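# Architecture at a glance
Letter by letter, the chains look like this.
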Amino acid sequence: MKRILVAYATMAGSTVEVARVVGEEIAKSGAQVDVLPLGEVKGLDVYDGVVVGGPMIMGWHRAALGFLKKHREALQRIPLAVFVMAMSLTQTGETSVDGVPVEVDEKLPKSPEQEGRLNFRERYARLANYVRPILKATRPVKPVDIGVFGGRLEYGRLKWWAVLFVMVIIQAPAGDRRNWTAIRSWAAGLPAALQLETSKADGLTRVG
Ligand SMILES: Cc1cc2nc3c(=O)[nH]c(=O)nc-3n(C[C@H](O)[C@H](O)[C@H](O)COP(=O)(O)O)c2cc1C
C-alpha cells in the first residue's frame with residue numbers, strides 16, 4: 001500500500017480541517033494517509049508522495065517554506081503537491097506559474113479595480129507573487145500541482161498587528177471562504193498527479 005503524507009502549517013487553525021479533507025480524498029484511492037502538523041513529521045523517506053499545505057501569512061506560512069527547504073533533498077525522490085489558503089487573490093487568469101500547474105478556487109480571485117493597471121494591493125496578491133517563493137524553496141524540484149483556495153479569517157483570533165496587516169493589505173471581510181467542493185475536487189486528482197499506482201481498496205487516514 002502506498003503511503004502519503006499530508007503535512008500542514010496553520011496560524012489560526014482552519015488549515016487543519018483542509019488538510020484532513022485532502023487526506024480523506026487521497027485515502028479513497030487506497031493509499032494510507034498520515035495527516036500531520038509539520039512539527040510532527042519525523043522524515044519523508046517512508047512516504048511515496050507528500051502534500052504540504054499552509055495559509056498565506058504575509059507570504060506563504062514561514063514554517064511551510066522552511067519545511068520544503070529542509071526536505072529539499074528527499075523531495076527530489078518523492079513527488080510533492082502543495083496547497084495554499086488565502087483571502088485575497090487578484091484575478092489574472094493564470095493557470096500555471098513557471099511551468100507548474102496551479103488550480104485556483106474560482107470563487108477566490110477578484111478583478112482589478114482598473115483594467116490593465118494593478119494597484120499596490122492587487123500587485124501583492126498576484127498568483128505568481130504567492131507561488132514563486134514556494135517554487136524557490138523546492139528548487140530544483142517542482143511540485144506536481146499547486147491548489148490555491150479561499151481560507152477562513154476571524155479577527156477575534158488575531159493579534160493587533162495581524163488585524164492591522166489584514167485590514168490594510170488583504171482587506172478581506174471576516175468569514176469562512178473555504179470552498180469544500182473545490183478542495184475535494186483538487187484533492188481527488190492528487191493520487192494521479194502524485195503517480196500512486198494503488199488499487200481501489202479502502203484507504204486509512206491517520207490524523208495527528
Ligand atoms: C497576519 C495575516 C496575514 C495574512 N496574509 C495574507 C496574505 O498575504 N494573502 C492572503 O490572501 N491572505 C492572507 N491572510 C489570510 C489567511 O491566509 C487565511 O485567513 C487563512 O485561511 C488562515 O489559515 P489558518 O486558519 O490555518 O491560520 C492573512 C491572515 C493573517 C492573520
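Summary of the structure given here. Here the structure is a predicted model, which means the values were calculated and not measured. (Residues numbered from 1 in each chain as written. Predicted model: local features only at pLDDT ≥ 70, side-chain atom pairs only at ≥ 80, totals over all residues. Heavy atoms only, no water.)

### Some thoughts on the pattern of salt bridges
Where we set the bar: The salt bridge definition used is simple: a Lys or Arg side-chain nitrogen within 4 Å of an Asp or Glu carboxyl oxygen.
Following the criterion strictly, the structure yields 12 salt bridges and no others. Note that Glu25 is salt-bridged to Lys28, the shortest N-O span being 2.9 Å. Overlapping salt bridges bring together Glu24, Glu25, Lys28 and Arg184 as one network.

### Some words on the pairing of strand S1 (residues 3-8)
Put simply, the rule reads: The buried label goes to any residue with under 20% of its type's maximum accessible area, the exposed label to any with over 50%, and the partly exposed label to all in between, with areas taken from a 1.4 Å probe on protein chains only. Secondary structure elements follow DSSP: runs of H or I of four or more residues count as helices, runs of E of two or more count as strands, with numbering from the N terminus. A clockwise path from the first strand over the helix to the second, with the strands pointing away from the viewer, defines a right-handed crossover.
For S1, the tally of buried residues reaches five of six residues, placing the bulk of the element in the interior. A crossover connection joins S1 to the parallel strand S2 (residues 32-37) through helix H1 (residues 14-27); in handedness this β-α-β unit is right-handed.

### As for empty space enclosed by the protein
Formally: Using a 1 Å grid laid over the protein atoms alone, points where a 1.4 Å probe fits but cannot get out form a cavity; open sets with protein on both sides within 12 Å along at least 5 of 7 lines form a pocket; any residue with an atom within 4 Å of a point counts as lining. Grid points are joined across faces, edges and corners, and a volume is the space filled by probe spheres set on the points. Residues are sorted three ways: Asp, Glu, Lys and Arg are charged, Ala, Val, Leu, Ile, Met, Phe, Trp, Tyr, Cys and Pro are nonpolar, and all the rest, Gly among them, are polar.
Tallied over the entire structure, the rule returns one cavity of 30 Å³ or more. The space that makes up the largest cavity amounts to roughly 430 Å³. Taken together, 28 residues form the lining of the largest cavity, with Met56, Ile57, Met87, Arg152 and Leu153 sitting closest to its centre. Elements that contribute at least two residues to the lining of the largest cavity include exactly H1, strand S4 (80-86), strand S8 (152-153) and helix H5 (160-170). Looking at which element gives the most residues to the lining of the largest cavity, the answer is H5, with five residues. Here the lining of the largest cavity is built from residues that sort into 18 nonpolar, seven polar and three charged.

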